[in-house]
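# Reading the structure
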Amino acid sequence: MRYLPLTDSDRGEMLAKVGASSIDDLFVDVPEDARLNGPIEGLPMHMSEMAVERHMRTLSKKNLAAADAPFFLGAGAYRHHIPASVDHLIQRGEFLTAYTPYQPEIAQGTLQMLFEFQTQVAKLYGCAVANASMYDGSTACWEAVAMASRVTRRKRVVLSGALHPHYAEVVKTMAKFTQDEIGDSLPALQAEPDNQGLITRIDDETSCVVVQYPDIFGRIPDLAEIAEAAHAKGALLIAVNTEPVALGAIKSPGELGADIVVGEGQALGVGLQFGGPYLGLFAVRDKKHVRQMPGRLCGETQDAEGKRGYVLTLSTREQHIRREKATSNICTNSGLCALAFNIHLTLLGEKGLRRLAAENHRLACIAADRLVQVPGVELLNGTFINEFTLRLGQNARAVVRKLADQGVLAGVSLGRLYPGVDGLSDGLLVAVTETTSEEDIETLASALEEALS
Amino acid sequence: MPRYFTDEHEWIDVEGESATVGITDYAQEQLGDIVFVELPSVGTMLDKGGDAAVVESVKAASDVYSPINGEVTEANGALEDDPALVNTSPEDEGWFFRMTIGDASQLEGLMDEAGYKAFVDSL
Amino acid sequence: MNSPNQSGWKPEMNASEDSIHSGPATVSGNRALMLEEPLLFEIGHIETTGVDLPDTDIAVGNRLGGMERSDPIGLPGLSEPETIRHYTRLSRQNYGIDLGLFPLGSCTMKHNPRLNEKVARMPGFADVHPLQPASTIRGALEAINELAHWLIDLTGMHGVAMSPKAGAHGELCGILCIRAALEARGDAREIVLVPESAHGTNPATAAFAGYRVEDIPATDEGRVDLEALKARLGPDVAAVMITNPNTCGLFERDMKAISDAVHEAGALVYCDGANFNAIVGKVRPGDLGVDAMHINLHKTFSTPHGGGGPGSGPVVLSEALSPYGPLPFTARTKEGVVHLVEEENAADYGHTDAFGRMTAFHGQMGMFTRALTYMRSHGADGLRQVAEDAVLNANYVLRSLDDLLDAPFGASGPCMHEALFGDEGFGGDLSTLDLAKAMIDEGYHPMTMYFPLVVHGAMLIEPTETESKAALDQFIASMRSLAERARAGDESMKQAPFHAPRRRLDETQAARKPVLVWEPSDE
């Protein structure tokens, strides 16, 4: 077996050293009647590298890759061009095969990268401090809700109807076990987000208000007025962002008064990967909340010779020390995805990020203008950046399936996200990025026209 | 001003109707460099033996328990900026909080200085 | 053995102390291949970009509704060559499995095959959106389903929840399944029993799920005290969380009896699967009465640790718990087609009791493809060999060091995949930390320290099956030398490491005055 270096003669010598006559002597504590006497039946035996690759390629080819079709899906996962150097660098063995940097003297590469990452996320979100990442946007969203109840010592949570329904589902699932009381609602198909409706749901018992920015329909809510209303009642505003590229064009949530900003970082550096691994981002606007934050934090310090260096810090909040009193049971972050994000954002820089957002918006405007010319199609959004909602006047999910059979990945139907909700079934979410060509837009428009007629 | 000690290594100074609480020199030495102290907010009602504060070193977080029942009247703000005071002056400038004396009889179960010294020597 | 190093280098070849670490200071602060690297924020510029994009601004007539960013964000960029150099230099300040033996007990740092990386990047896996229509993702669902079946067959369990994002997330998933099952039978219970030697995530998870945590006592030989456990079981106990093999590196011999007693008391058995590497293919947790167990794909199935994630923590479930597993998951119909089961079609698959959803999408697909590739490579026969070689390597280390390092459970029988030592016998005021830091100078990543909590100055060494005998012999030679120095009270160890990119770092300063983001200096 190519991954096992011991030879039979090594094994013999080693067994002699440990005083065992056979390998079975080392498994003597496993009850005999439970011990397996040979390879588990029904599973294949070992295979050559070539044979495994062939098997996996067969599976891979049964999928339609985004690059092979006009592609318009978003709804929390976005396709962007990832510069080749990102994937090269994250595959360097010193990054790929390193452990969590608990031994800082020989992990400064990971630690400095995390410090840069934390700074980038804090700046992008308009916050004071960001952590070293969480599993993904949806779990980060839940962690923010849990943190808000620690800070406010209140248990009532107001979820905006325009929060990604899977995120809302994760929050509701977790809240069942913490006795947080979750108020949610379905979004209404209208041009502007219903800020007033949301604000009326905030009261003196509200721990936090959770608002997606831009929201699930691609609209851009004015967070400032929600922040003001929340703060007036002593509640925190949690802003959720699922598309960091959008923040190259619009004001940061922190700037607009959000207290905790969380999101999905997948769009920068990570790739679609059928839903994971992704990258949870987590930041707080005010430094004073830092000890209530979940997850790992990297901080600057000095070594014994006075040289600058970095360490994981404030770890007394975490499970390996606080055990049952920890702020979260989280152990892992999403280190390699954080590195990919860090490198991609370094390559872009502020200038590149702004240009990228502008280019996304330019193409999205072209797409929106073209698609509304298709008979029966209406644009819902008053505002958007690189994703918007169309109304097709008929079941959008069926249309998406039909177009997929023609090799066009038309977007995410609202029926896919809100199954069984009749009022939303004609909605289609369309995401447009720099990877979308004007030919792709034209292909989508004609295919839609044909499907709807 | 009588000073009492608990077997959880807190000290409590009684001054009329009010008391001041901190952790002992022995405790700070066991904990090592203190990096953060989480203090109770004013108005918190404490129970004898219940959690009152948390003191953190780099690798450990320890609960500090209230020696008696009472209400918190003041927390030592100086510890926020300079938690090292707990190491340098544990039984003076590094005090944690002041509280009312809810039940003076609870003081009777605590150790005096000599008793605490003997207790520490026995550890 | 003449030399601890295969290159032929011998200790007496150190011409003098000076030649190792002195010499004139350099202007750059670099020392040949040991290169200092500034922060991105000190070398980048907000006008620099390493990506060619059209030079456009947000146009007039845009659809942003007046929410345009005006102020600078403060994100510096680097050109591509500068970017490559910045991160390549940073990478060289890291230790990784690719560089040498990484004996972190409980963490299973084994070789990461590069075929896994290649497969994960196949466009049909890497460039597929989680919400694509079913007809375009057949292969992705099949891959998840195939991995699910491997996990079920290898563990002898009934079902598996694939979506948890990491081990701790999987633990949470398992405990929430247990809670849902108990609630479904109207039997609210309050206590979860956890051994003192458990990973910190165990009590943190149980507490999150609303349970009170109590310790399970251990015997002197480092295993769960069955009689004490039986005495504590009662109608208030919801579950028992056990790590098997346990964190002392021992197999819980009484596991079946423990499970029987727990079930008899109406409670359920959670097994922390962090140490599955020792037993994969040798014994199935399902045959020992386990109800739920998470599997760290990044440990046993060799997906890379990546400097702290991403992980992946599928949870295998017994028949009693399977109905409560979270959405989404995959199911294969009689016709052989694999479907995604979510909220809308759960009823079609008789899965209406799911406790909910733990994450937005379907789990760590990128880790699934790597793990499946690894399993296919090894096959049922190879995985069995993995466990055998992992256990043999650990016992070899244990018996090669136990005359110099205190092995508190050395008499408890063979260890499994990791060898546990304590600091008894160290001279002066030397500690486990000092020995660990001296290992860095020897070219090794330290072992797991001060865990489990039940052993003073614990050192938990897990060599894994991907180390050769020659690599182990070299490691053992270094460890023997360090152990002798520690016993002799060699004070210089308190200053170690001497040769790493950084000396010991001041963690007190980092925690007292946290600097967590870069700020421009006032100069």
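Our subject in this report is the structure included herewith. (Residues numbered from 1 in each chain as written. Chains lettered and ligands numbered in written order. Predicted model: local features only at pLDDT ≥ 70, side-chain atom pairs only at ≥ 80, totals over all residues.)

A word on the overall build of chain B. Per the secondary structure count, chain B includes 4 helices and 9 strands. The order of α-helices and β-strands along chain B, N terminus first, is β-β-β-α-β-β-β-β-β-α-α-β-α. In terms of overall dimensions, chain B is globule-like: its C-alpha atoms have a radius of gyration of 13 Å, near the 14 Å expected for 123 residues. In chain B, once contacts between residues fewer than 6 apart in sequence are set aside, the share between residues at least 24 apart is 62%. (Helix = DSSP H or I, 4+ residues; strand = E, 2+ residues; numbered from the N terminus. Rg over C-alpha atoms; globule rule 2.2 N^0.38 Å. Contact = placed C-beta atoms within 7 Å.)

Right, let's talk about the sheet that holds strand β10 (residues 419–421) of chain C for a bit. All names here are of chain C. Here we have 3 strands laid out as an open sheet, ordered β10-β12-β11, and antiparallel in their pairing. What marks the edges here is a single partner per strand, and that holds for β10 and β11 (448–449). Pairing geometry for β10 and strand β12 (residues 459–461), over 3 bridges, is antiparallel. Across the sheet, the residue bridging to Leu420 is Leu460, located in β12. (Pairing = 2+ DSSP bridges.)

Taken together, the 168 residues of chain A in the interface contact 178 residues of chain C. Top contributing element to the side of chain A that touches chain C by residue count: helix α11 (residues 335–371) of chain A, with 21 residues. Of the residues belonging to the side of chain A that touches chain C, the class tally is 84 nonpolar, 48 polar and 36 charged. (Nonpolar A, V, L, I, M, F, W, Y, C, P; charged D, E, K, R; others polar.)

Residue and element names in this part refer to chain A. Along strand β13 (residues 427–431), 5 of the 5 residues are buried, which leaves the element largely enclosed by surrounding structure. Side-chain alternation along β13 places Gly427, Leu429 and Ala431 on one buried face and Leu428 and Val430 on a second face that is also buried. With 5 bridges connecting them, strand β11 (residues 387–391) and β13 associate as antiparallel partners. When the sheet's bridge partners are listed, Glu387 is paired in β13 with Ala431. Two elements, strand β12 (residues 412–413) and β13, share 2 bridges in a ladder whose sense is antiparallel. Along β13, the bridge assignment pairs Ser413 with Leu428. (Buried ≥ 20, exposed ≤ 12 C-beta atoms within 10 Å, placed from the backbone.)

What follows is about the packing of α11(A) against helix α3 (residues 80–91) of chain C. α3(C) packs onto α11(A) with a crossing angle of 150 degrees between their chain directions and a minimal axis gap of 9 Å. Judged on the interaxial angle alone, α3(C) and α11(A) are roughly antiparallel. Both α11(A) and α3(C) take part in a crossing whose hand is right-handed. Contacts from A:Ile343, A:Thr346 and A:Leu347 of α11(A) reach α3(C) at C:Glu80, C:Thr83 and C:Tyr87. (Axes fitted to C-alpha atoms, helices over the stretch in contact; angles between N-to-C directions. Parallel < 35°, antiparallel > 145°, perpendicular 65-115°, else oblique. Left-handed = near helix turned anticlockwise from the far one by under 90°.)

For soluble globular proteins, nonpolar side chains are generally found buried alongside one another. All names here are of chain A. Membership of the largest hydrophobic core comes to 347 residues, with the highest contact counts inside it found for Val209, Val210 and Ile238. Counting residues domain by domain, this core receives three or more from each of domain 1 (66–82 + 350–452) and domain 2 (84–344). Once residues within four sequence positions are removed from consideration, Val210 is found in contact with Cys141, Val145, Val157, Val158, Leu159, Ser160, Leu163, Ile238 and Val240. (Core = buried A, V, L, I, M, F, W, Y, C linked by C-beta atoms within 7 Å. Domains from an automatic or database assignment.)

The next subject is the packing of helix α2 (residues 49–61) of chain A against helix α6 (residues 138–155) of chain C. Packing of α2(A) against α6(C) leaves a shortest axis separation of 6 Å and a crossing angle of 135 degrees. Classified by the interaxial angle, the pair formed by α2(A) and α6(C) is oblique. Residues A:Leu59, A:Ser60 and A:Lys61 of α2(A) form the contact with α6(C), whose own contacting residues are C:Gly139, C:Glu142 and C:Ala143.

As a further point, take the sheet that holds strand β8 (residues 70–75) of chain B. Residues and elements named next belong to chain B. With antiparallel pairing, the 6 strands of this open sheet are ordered in space as β1-β2-β3-β9-β8-β5. The open sheet is flanked by β1 (3–5) and β5 (45–46), the only strands paired with a single partner. Bridge count between strand β2 (residues 10–15) and strand β3 (residues 18–23): 6 bridges; the pairing is antiparallel. In the sheet register, Glu15 faces β3, and the bridge partner there is Ser18.

All names here are of chain C. Locating Val160 in the fold gives a position in strand β1 (residues 159–161). In this structure the C-alpha to C-alpha distance between Val160 and Val315, which are 155 residues apart in sequence, comes to 5.4 Å. Excluding residues that lie within four positions of it along the chain, Val160 makes contacts with Ala148, Leu151, Ile152, Pro314, Val315, Val316 and Leu317.

Both trends apply: most residues other than glycine have a negative phi, and most peptide bonds are in trans. C:Asn244 connects to C:Pro245 through a cis peptide bond whose omega is -5 degrees. For the peptide bond that leads from C:Leu327 to C:Pro328, omega is -10 degrees, which places it in the cis range. Within the secondary structure layout, C:Pro328 lies in the loop between β7 (315–317) and β8 (329–332). Even without being glycine, A:Phe274 reaches a positive phi, approximately 55 degrees. Relative to the helices and strands, A:Phe274 resides in the loop between β6 (260–264) and β7 (280–284).

Moving on: helix α12 (residues 432–441) of chain C. Residues and elements named next belong to chain C. Across the 10 residues of α12, 8 count as buried, placing the element largely inside the fold. When we look at burial in α12, the residues that qualify are Thr432, Asp434, Leu435, Ala436, Lys437, Ala438, Met439 and Ile440. Where the residues of α12 are buried, they touch β11, β12 and α13 (469–487). Phi turns positive one or two residues past the end of α12, at Gly443, with a value near 95 degrees.

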